[in-house]
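Chain and residue survey
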Amino acid sequence: MSGQKGVRLLLLCSCACIWLSALASGALVISRNDEAPQEDRRVARSLQKRSADVTMVEVHSVTVECTVTSRFAHTVMTSVALNKANSSKEIFFEVDLPKSAFITNFSMEIEGKVYVGVVKEKEKAKKQYEKAVSAGQTAGLVKVSGRKMEKFSVSVNIAAESNVTFILTHEELLQRKFGQYEILTRVKPKTLVQQFQIVTNIYEPQGLSHVDAHATFLSNELLPLVEKTVMDKKARISFSPTMEQQRKCPGCDGTLIDGDFIIKYDVKRETSVGEIQIVNGYFVHFFSPPGLHRVPKNVVFVIDHSGSMYGRKLAQTREALLTILNDLYEEDYFALVLFESRISHWKASLTKATKENVAEAMDFVKNIKSAGGTSLNDGVLKGVEMLRTDRQAKNLPERSIDMIILLTDGLPNGVISTIQRNVHSAIGGNMSLFCLGFGNDVDYNFLDVMSQQNQGLARRIYEASDAALQLQGFYEEVSSPLLLEVDMQYPDNTVDFVTTNHFNYLFNGSEIVVAGRLMDNDLNNFLVEVIGQGTEDFKVQGQASVVDWAVMYPDEQYIFGDFTERLWAYLTIQQLLDKSKSGTPNEKANATAKALEMSLQYNFVTPLTSMVVTKPETEDGKDGPLIADKLTEEQRLQAEKRGGYVAARPVNAMPLLPSPTYFVDGDPHFMIELPDRNDALCFNINDAPGTIFSLVRDPESGILVNGQIIGDKKIPPNGKINTYFGRFGLIHQKLGVRLEVSTKSISLFQDGKQIRLLWCDMASVKGLNVDLEVIKDRSLTVTLKDSVKFVILLHKVWEKHPYHQDYLGFYTLDSHLLSSSVHGLLGQFYRGIEYEVTDLRPGEVPEKPDATMYVKGQELNVTRGWQRDFRTDLKNGENVPCWFIHNNGSGLIDGEASDYIVSGLFKVD
């Protein structure tokens, strides 16, 4: 590495804007063209552990500037760092981004040269990614960072006594929620900064009704540093502590600045037609009229109480339902439908929310218990039938809204596409379906599509201590409809390319936004009409007028000229992305194509585009690429399952990396993932069917895991028998737990009792010492008290396949509480492994280079290859690049593979 040391600093944190549901941004690719002669040095460098020589790097400035113009937020994050050392150093730029924002620019200035990102089609960038990973180069990913944000990180080497400037820009349309907009700035610099500043400027021609600012870290000493100036149509909020004011204590290096800086505001709403603004040939219409009365609602709560809801999930659901029922208005009607393998309900029809009926329903909720599978299809259809029957019988108020609120935590029984068709056909556009996905095992994409097909929306409920509050919060958003079937009408000969202008409902505290392009500058013809159904018919008209920003804000330097066009583009792309999830194949394809075209035109990083930034050469040659992905909600779920959740860290701590994962799957392929080195090692173990291997053995804690090999049913025509793991035995002697898992069943022995579960069930077992959770025909999660967490995957094969049969995969997710004496084919790696890889050279296969590995005092020839991790994709798996050690892992594992053979599934020798 020529004396280089990696220095990781959290240089900048983000200004994030309010989110509603998770719409992803795209991928950010930090890359350059590859040259083979430098690959060996790049790989060796990427595999070395980075040290934390922070003192030689000075963070000169961190600035977050968020400018909000009529709800459209333009955020620029700038950071400058100086390398004071006499050798080059690697500096990391990390930033939290809001889930719903689109990155529009990323650039680096190094020694007077600027490296600027270019937005390209995502598929083109994907090829660079695959090439980089196959060559063994480091790939840096955006990871989950809490519920609202994602963490983007990139590194660059800078020469001695030189500096680097990072600039990242993103844009988003703020969404009104609970009667206000929110701007959240995550402030975690992790070090004292010479010049630290957060500045937010808000420009709202409607006029500001209130502006509040606070932070989770503000002490009595820091509170006066928040400067807030609010006038009728603009506000400025700033926070600029000096280095001394940032200090946690006199003379120490710790910083007090660690938390969230939050601004909340709303605008004045004086006209019933809303606010129409026209700037540079584009218009935007904000509609949330004052003085409307809420419309009664008829709501059926469809609740999953299957086995996987056992324990805290169901307790939190009961708690939330009790609060929600108590908050119903007396003119509302409601029903409760429960589903597991069977369907049940409180009453056969909807009931008026009188105090007596609510009290009776609350007693029913208190007695809900978990059991059985997940017959979601029948549960939702039952709710639809109840609403349709009562509506036809005229048992419900004529002017009222019909809605179903579905809560589920697992995978439904049946084919997903069939369920979606059934529900869409039954609803027939006559009611709205809101889907709440509870926890990490839910199929969120299925719920998202189904809600969009039926005039609703989906929301994730995070499995945490505040899950009941999340459920209540969602209900509060939709509990007070003000208007139904809202039509926003504009003259056909005046505007075109108008965004969605029909809305099924307007809820209290929210806002409708429509934008479009002007065809005719004769604004005398720009008459706006809004029609809707409330407690009585709603119809208003108004004349649009041009907003003269130069007159309204004469002293401002910010250029407002194109914000309406960019707001229109942002809103259009978001709506096209929604349309690309549902509809006919042609509608999906057209929406996707148009969204891609606009993403490229306006330089937005969306799910369809990537930003490519060329990095500078270093003294070791050109650096390897880093790839960053903006996650969809489904990808966030998968990332959290894999440990990709980035939790809050203590002040001055090094950034956390995902925990290592150790697994064996396939024929049988062993994998040791090492996120702290952005790398993985892999090897195969080949032996005869029936052989039992010791996978994990910890004498101090009394943990033992053994696995038995199975083979094909008979010898295939090629003469090669594939072998897999078909049974696992697990013992925890101190806890008195014994678990046997086969491809047919799961048997738990504890305290003289036996519990037998089948893979065809959804089931959950909660005990004092062990928790089991079975996802039907998919996975078993085993959590041992204060010890370890495993996941066993079931790979099902067509039962009439002439050769292959079902097999199992074994994944260790958490092993940090095991002792230092833990061993076994997997267990020996739980305490880490030191190695070095050099001399990268062509292998037998062009895309799989060979290299020399130094490990445990030996020199091995290794090959860059792929193994598959099946946790997020049970059918196809996810390719994971790794260094493959030949000959049954010889040289990497202690001893030989035969040393790990034991005589029984629960034996130690």
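All values derive from a computational prediction rather than experimental measurement. (Residues numbered from 1 in each chain as written. Predicted model: local features only at pLDDT ≥ 70, side-chain atom pairs only at ≥ 80, totals over all residues. Heavy atoms only, no water.)

For the chain, the count of helices and strands is 14 helices and 57 strands. For the chain, the proportion of its 909 residues judged to be buried stands at 58%. For the chain, the share of sequence-separated contacts (at least 6 apart) that also reach a separation of at least 24 residues comes to 71%. By element, 48% of the accessible surface of the chain is carried by carbon and sulfur atoms, the whole surface being about 36400 Å². (Helix = DSSP H or I, 4+ residues; strand = E, 2+ residues; numbered from the N terminus. Buried < 20%, exposed > 50% of the residue type's maximum accessible area, 1.4 Å probe, protein only. Contact = heavy atoms within 4.5 Å. Areas by Shrake-Rupley, 256 points an atom, 1.4 Å probe, with all protein chains shown as cover.)

Right, let's get into helix H12 (residues 585–601). Relative to the 24 Å expected for 17 residues at 1.5 Å per residue, H12 spans 24 Å between its end C-alpha atoms, a close match to the ideal helical length. For H12, the set of buried residues is Ala591, Ala595, Leu596, Met598 and Ser599. Asn603 sits one or two residues past H12 and shows a positive phi near 60 degrees. (Expected span 1.5 Å × (residues − 1).)

What describes two packed helices is the angle between their axes and the distance between those same axes. Two elements in contact, helix H6 (residues 376–392) and helix H7 (residues 416–427), have axes whose closest approach is 10 Å; the angle formed by their N-to-C orientations is 0 degrees. With respect to their mutual orientation, H6 and H7 come out roughly parallel. Contact residues: Leu376, Asn377, Val380, Leu381, Val384 and Arg388 in H6; Ile419, Asn422, Val423, Ala426 and Ile427 in H7. (Axes fitted to C-alpha atoms, helices over the stretch in contact; angles between N-to-C directions. Parallel < 35°, antiparallel > 145°, perpendicular 65-115°, else oblique.)

Let us look at the packing of helix H11 (residues 563–579) against H12. H12 packs onto H11 with a crossing angle of 150 degrees between their chain directions and a minimal axis gap of 8 Å. Taken together, the axis directions place H11 and H12 in an arrangement best described as roughly antiparallel. For the pair H11 and H12, the crossing hand works out as left-handed. On H12, the residues that touch Trp568, Ala569, Thr572, Ile573, Leu576, Leu577 and Lys579 of H11 are Lys588, Ala591, Lys594, Ala595, Met598 and Ser599. (Left-handed = near helix turned anticlockwise from the far one by under 90°.)

With respect to topology, 5 strands assemble into an open sheet ordered S29-S31-S20-S19-S34, the strand pairing being mixed. Both edges of this open sheet fall to strand S29 (495–496) and strand S34 (545–546), since each of them pairs with a single strand only. Sheet topology note: the strand S19 (residues 275–279)/strand S20 (residues 282–287) ladder contains 5 bridges and is antiparallel. Looking at the pairing, Ile278 lines up with Phe283 of S20. (Pairing = 2+ DSSP bridges.)

Moving on, we get to the confidence of the model for the chain. Looking at the chain as a whole, the pLDDT averages 82, with 85% of positions reaching at least 70. The model gives residues 643–658 a pLDDT under 50, and that stretch makes 41 contacts with residues more than four places away or in other chains. (pLDDT = per-residue confidence, 0-100.)

As enumerated under the stated definition, the model contains 2 disulfides in all. Each disulfide pairs two cysteine sulfurs, and for Cys682 the partner residue is Cys882, the sulfurs being separated by 2.1 Å. Disulfide Cys682 to Cys882: torsion about the S-S bond roughly 70 degrees, handedness right-handed. With Cys682 in strand S41 (residues 679–684) and Cys882 in strand S56 (residues 878–885), this pair connects stretches of sequence that are 200 residues apart. Assigning the bonded cysteines of the chain consecutive numbers by sequence position, one obtains the connectivity 1-2, 3-4. (Disulfide = S-S within 2.5 Å.)

Counting residues in hydrophobic clusters, the biggest one holds 60 residues, and the most contacted among them are Leu695 and Leu780. Broken down by element, the residue count for this core peaks at 4 residues, all from strand S51 (residues 788–795). If you look at the next biggest cluster of nonpolar residues, it comprises 38 residues, including Leu321, Leu338, Leu407 and Phe434. (Core = buried A, V, L, I, M, F, W, Y, C linked by side-chain atoms within 4.5 Å.)

Let us look at the pattern of salt bridges. Oppositely charged side chains can form a pair if their charged atoms are brought close together. This model, assessed by the stated rule, comprises 38 salt bridges. Note that Glu58 and Lys84 form a salt bridge whose closest N and O atoms lie 3.9 Å from each other. Here Lys84 lies in the loop between strand S5 (72–83) and strand S6 (89–98) and Glu58 lies in strand S4 (residues 57–69), a separation of 26 residues in the sequence. Using a relative accessible area of 40% as the deciding quantity, one classes Lys84 as partly exposed. (Salt bridge = Lys/Arg side-chain N within 4 Å of Asp/Glu carboxyl O.)

Right, let's get into unusual backbone geometry. Its identity as a non-glycine residue notwithstanding, Glu485 has a phi of 50 degrees, on the positive side. On the basis of relative accessible area, Glu485 is assigned to the partly exposed category, the value being 31%. Residues other than glycine seldom take positive phi values, yet Asn887 does so here, at roughly 60 degrees. In this structure Asn887 comes out as exposed when scored by relative accessible area, which is 65%.

Before going further, it helps to spend a moment on the side chain of Ser479. Looking at where Ser479 falls in the secondary structure, it is placed in the loop between helix H9 (467–478) and strand S28 (481–489). Every residue in contact with Ser479, bar those within four places of it in the chain, is listed here: Arg294, Lys297 and Tyr329.

Another aspect to go through is the sheet that holds strand S30 (residues 502–507). As summarised here, the arrangement of the 4 strands in space is S30-S28-S32-S33, forming an open sheet in which the pairing is antiparallel. The outermost strands of the open sheet, each flanked by one partner alone, are S30 and strand S33 (537–543). The average undirected angle you get between the axes of adjacent strands in this sheet is 25 degrees. Alignment of S28 against S30, held across 5 bridges, turns out to be antiparallel. Bridged to Pro481 within S30 is Phe507.

The subject of this paragraph is the packing of aromatic side chains. A complete count under the given rule lists 31 aromatic pairs for this structure. On the basis of an interplanar angle of 50 degrees and a centroid distance of 5.3 Å, the ring pair of Phe102 and Phe604 is categorised as tilted. A residue pair is termed long-range when its members are at least 10 positions apart, and Phe102 in strand S7 (residues 102–110) and Phe604 in the loop between H12 and strand S35 (609–614) qualify at 502 residues. Summarising the burial analysis for this pair, Phe102 and Phe604 share the class buried. Plain terms: the ring middles of Phe728 and Phe810 are 5.3 Å apart, the flat faces sit at 45 degrees to each other, and that makes the pair tilted. Note that Phe728 is positioned in strand S44 (residues 723–732) and Phe810 in strand S52 (residues 807–814), a separation of 82 residues in sequence. One exposure class covers both Phe728 and Phe810, and it is buried. An aromatic cluster is present here, built from Phe72, Phe102, Tyr282, Phe497, Trp568, Tyr570, Tyr602 and Phe604 joined pairwise through their rings. When the ring centre of Phe286 is taken as origin, the NZ or CZ atom of Arg71, which lies over that ring, is 3.8 Å away. Directly above the aromatic system of Trp883 lies the positively charged group of Arg864, at a separation of 4.7 Å from the ring centroid. (Phe/Tyr/Trp six-rings, centres within 6.5 Å; stacked < 30°, edge-to-face > 60°. Lys NZ or Arg CZ within 6 Å of the ring centre and 35° of its normal.)

This paragraph deals with the pairing of strand S31 (residues 512–518). In regular strands, side chains alternate between the two faces of the sheet. Counting buried positions over the 7 residues of S31 gives 6, a clear majority of the element. Alignment of S20 against S31, held across 6 bridges, turns out to be antiparallel. For His285, the partnering residue across the bridge sits in S31 and is Val514. For S29 and S31, the ladder comprises 2 bridges, and the chain directions are antiparallel.

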